[in-house]
Amino acid sequence: MKKIFVTRKLLKENEKKLESIFQVILNKDDKIYSSQEIIDGSKDCDGILSSVTDKIDSGVISKLSDSIKIIANGAVGYGNIDVKAAREKNISVTNTPEVLTDATADISILLLLGASRRAYEGRIAAEHQNWKWSFDFMLGKQMSNKKIGILGMGRIGRAVAKRARGFNMEVHYHNRSRLSSELEEGATYHSELGSLFA
């Protein structure tokens with residue numbers, strides 16, 4: 001049975017699933033491990049399940065046990081891992097690239113709605129029982145039928161655009177390069193960043 005070192009506490013159901021497949025060293029206290037603790041804790045393991053909070057640089061990788069064959073990073077990217085050093089030591093590095101696309105797009109729309117409808121101010125007024133109705137009390141801005149400017153139309157930008165279209169918003173974007181018309185879905189491309197804000 002393969003043995004893995006898990007650097008951060010996971011959801012209980014995920015830890016149980018791992019335990020059913022592997023011999024697992026879990027981080028029950030969710031402590032952020034030092035470099036030395038990662039090196040020592042993963043000794044004689046086959047893999048490491050890391051997170052974005054773990055700095056696994058060339059110094060750490062050079063001291064990892066030769067038994068380590070994979071570092072599976074539970075994050076969208078792997079900027080916390082020296083991929084070149086891992087490759088030189090024949091360690092595969094993986095990540096979870098699409099796991100947060102929808103959640104991030106949802107939060108983007110939540111922030112837009114909250115700002116346009118003055119949600120924070122409304123919450124404060126309700127908490128202080130200072131809710132005095134009038135025609136202009138807490139009058140915010142309508143988000144529907146407005147323009148939205150998106151800086152970067154990768155997976156997350158396109159997911160935000162999809163949600164914005166649900167509010168009948170006119171989508172404008174700036175990206176390093178123009179998307180295909182299929183991916184644009186009617187959005188307006190701005191080759192210059194300044195024109196996106198004009």
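Our subject is the structure listed above.
Conventions and cut-offs
Residue indices follow the written sequence of each chain, beginning from 1 at its first position. Where totals are concerned, whole chains, interfaces and linings use all residues; where local detail is concerned, this predicted model gives features only for residues with pLDDT of at least 70, and gives and counts side-chain atom pairs only at 80 or more. Calculated side-chain values reflect all of the structure's heavy atoms, with hydrogen atoms and water omitted. Throughout, exposure labels follow a simple rule: accessible area from a 1.4 Å probe, protein chains only, divided by the maximum for the residue type, with under 20% read as buried, over 50% as exposed, and the rest as partly exposed. To qualify as a helix, a DSSP run of H or I must reach at least 4 residues; to qualify as a strand, a run of E must reach at least 2; elements of each kind are numbered from the N terminus. A pair of strands counts as paired when DSSP detects no fewer than two bridges linking them. Whether a crossover is right-handed depends on one test, that the path from the first strand over the helix to the second runs clockwise when the strands point away from the viewer. Here a pair means two rings of Phe, Tyr or Trp (six-membered ring of Trp) with centres within 6.5 Å. Their orientation is stacked below 30 degrees between planes, edge-to-face above 60, and tilted elsewhere. In what follows, a contact means two residues having at least one pair of non-hydrogen atoms within 4.5 Å. Axes here mean lines fitted to C-alpha atoms, for a helix over just the part in contact, with angles spanning 0 to 180 degrees between N-to-C directions. Salt-bridge detection follows one rule: a side-chain nitrogen of Lys or Arg within 4 Å of a carboxyl oxygen of Asp or Glu. Any angle that is under 35 degrees is reported as roughly parallel, and any over 145 degrees as roughly antiparallel; angles of 65 to 115 degrees are reported as roughly perpendicular and all others as oblique. The crossing is said to be left-handed when, going from far helix to near helix, the turn is anticlockwise and less than a right angle, and right-handed when the turn is clockwise. Only Asp, Glu, Lys and Arg are considered charged, only Ala, Val, Leu, Ile, Met, Phe, Trp, Tyr, Cys and Pro nonpolar, and every remaining residue, Gly among them, polar.

### Re the pairing of strand β6 (residues 147–151)
- Residue alternation in β6 divides its side chains into a buried set, I148 and I150, and an unburied set, K147, G149 and L151.
- Across five bridges, β6 lies against strand β7 (residues 170–174) in parallel orientation. The residue of β7 that forms the bridge with L151 is H174.
- Crossover connection from β6 via helix α7 (residues 155–165) to parallel β7: handedness right-handed.

### Looking at the packing of aromatic side chains
- Counting across every chain of the model gives four aromatic pairs.
- Between F5 and Y33, the aromatic rings sit 5.4 Å apart at their centres with planes inclined by 25°, giving stacked as the arrangement. Here Y33 lies in the loop between β2 (23–25) and α2 (35–41) and F5 lies in strand β1 (residues 3–6), a separation of 28 residues in the sequence.
- Under the relative-accessibility criterion, F5 is labelled buried at 3%.
- On the basis of an interplanar angle of 85° and a centroid distance of 5.1 Å, the ring pair of W131 and F137 is categorised as edge-to-face.

### What about the sheet that holds β6?
- As summarised here, the arrangement of the three strands in space is β6-β7-β8, forming an open sheet in which the pairing is parallel. On the outer flanks of this sheet lie β6 and β8 (188–189), each paired with one strand and no other.
- Along the sheet, α7 makes contact with β6 and β7, crossing β6 at roughly 170°.

### Focus: the pattern of salt bridges
- Under the criterion given, the structure shown has 11 salt bridges.
- Between R8 and D30 there is a salt bridge; the shortest N-O distance is 2.8 Å. Here the residue R8 occupies a position in the loop between β1 and α1 (12–21), and D30 occupies one in the loop between β2 and α2, the gap between them amounting to 22 residues.
- Taken together, the salt bridges that share partners define one network made up of D102, D106 and R163.

### Notes on the packing of helix α5 (residues 101–116) against α7
- Where α5 meets α7, the closest approach of the two axes is 8 Å, and the angle between their N-to-C directions is 50°. By the criterion of interaxial angle, the relationship of α5 to α7 is oblique. Pair α5 / α7 crosses with right-handed handedness. Contact residues: T101, D102, T104, A105, D106, S108 and I109 in α5; R155, I156, A159, V160, R163 and A164 in α7.
- For the contact of α5 with α7, the residue count by class is six nonpolar, three polar and four charged.

Geometric values such as these leave the question of function open.
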